[in-house]
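Coordinate inspection notes
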Amino acid sequence: QVQLVESGGGLVQAGGSLRLSCAASGLTFSTYAMGWVRQAPGQEREFVAGISRTGCTIYADSVKGRFTIFRDNVKNTVLLQMNSLRPEDTAVYYCAARQGTLSVTTSRYDYWGQGTQVTVSS
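Residues numbered from 1 in each chain as written. Predicted model: local features only at pLDDT ≥ 70, side-chain atom pairs only at ≥ 80, totals over all residues. Heavy atoms only, no water.

In the structure shown here, the tally under the stated rule is four salt bridges. Residues D89 and R38 are paired through a salt bridge, measuring 2.9 Å at the closest nitrogen-oxygen approach. In this pair, D89 is assigned in the loop between β8 (77-82) and β9 (91-99) and R38 in strand β4 (residues 32-39), connecting sequence segments 51 residues apart. Residue D89 shares its accessibility class with R38, and that shared class is buried. Between D89 and R66 there is a salt bridge, with the nearest N and O atoms lying 2.7 Å from each other. (Salt bridge = Lys/Arg side-chain N within 4 Å of Asp/Glu carboxyl O. Helix = DSSP H or I, 4+ residues; strand = E, 2+ residues; numbered from the N terminus. Buried < 20%, exposed > 50% of the residue type's maximum accessible area, 1.4 Å probe, protein only.)

Structural data, given as structure tokens:
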């Protein structure tokens, strides 16, 4: 079965950096667009960043210039480098996979990881 396993979350001070990793298995990774989605307490899931099968990327305006998404189709992993973190970035971050084209609509993703907590202190 398909599994997406996130790691790399934690507690960091404002202005700091974290790198999230998502290891995918049970799917033909190169045929999936991959995304990172976050959910803060009491809020809906929010698209953060996505990368297409061919490496094209898209970011939410709130993270543009601070976050970078990468994928490695040999290791079946997708990374999210997060710099200049802000308290408002605090959320559970989920890795998601969508067969076919990249989308910013979270409901269009087919598979989800269990999430990893990111907490940014002020």
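After presenting the structure, the write-up continues.
What follows is about the side chain of Q81. Here Q81 lies in strand β8. A polar side-chain atom of Q81 sits 2.7 Å from a polar atom in the side chain of R19. In this structure Q81 touches S17, L18, R19, R66, F67, T68 and F70, once residues within four positions along its chain are discounted. (Polar contact = N/O pair within 3.5 Å; in protein donor to acceptor, adjacent residues only side chain to side chain. Contact = heavy atoms within 4.5 Å.)

This paragraph deals with the sheet that holds β8. If you trace the four strands from one edge of the open sheet to the other, you get β1-β3-β8-β7, paired in antiparallel fashion. A single partner strand is all that each edge strand has here, and the edge strands are β1 (3-7) and β7 (67-72). Sheet twist, expressed as the mean angle between neighbouring strand axes with direction ignored, is 15°. Where β7 meets β8, six bridges bridge the pair, whose relative direction is antiparallel. Bridge pairing links F67 to M82 in β8. (Pairing = 2+ DSSP bridges. Axes fitted to C-alpha atoms, helices over the stretch in contact; angles between N-to-C directions.)

This paragraph deals with the state of the cysteines. The full count for this structure, using the stated rule, is one disulfide. Covalently, C22 is tied to C95 through a disulfide, its sulfur atoms 2.1 Å apart. Its S-S torsion of approximately -75° makes the covalent link between C22 and C95 left-handed. Placement of C22 in strand β3 (residues 18-25) and of C95 in strand β9 is noted, with a sequence separation of 73 residues between them. Taking the relative accessible area as the measure of exposure, C22 reaches 1% and is therefore buried. With no disulfide of its own, C56 lies closest to C95 among cysteine sulfurs, the gap being 18 Å. (Disulfide = S-S within 2.5 Å.)

Shape descriptors only; they carry no functional weight alone.
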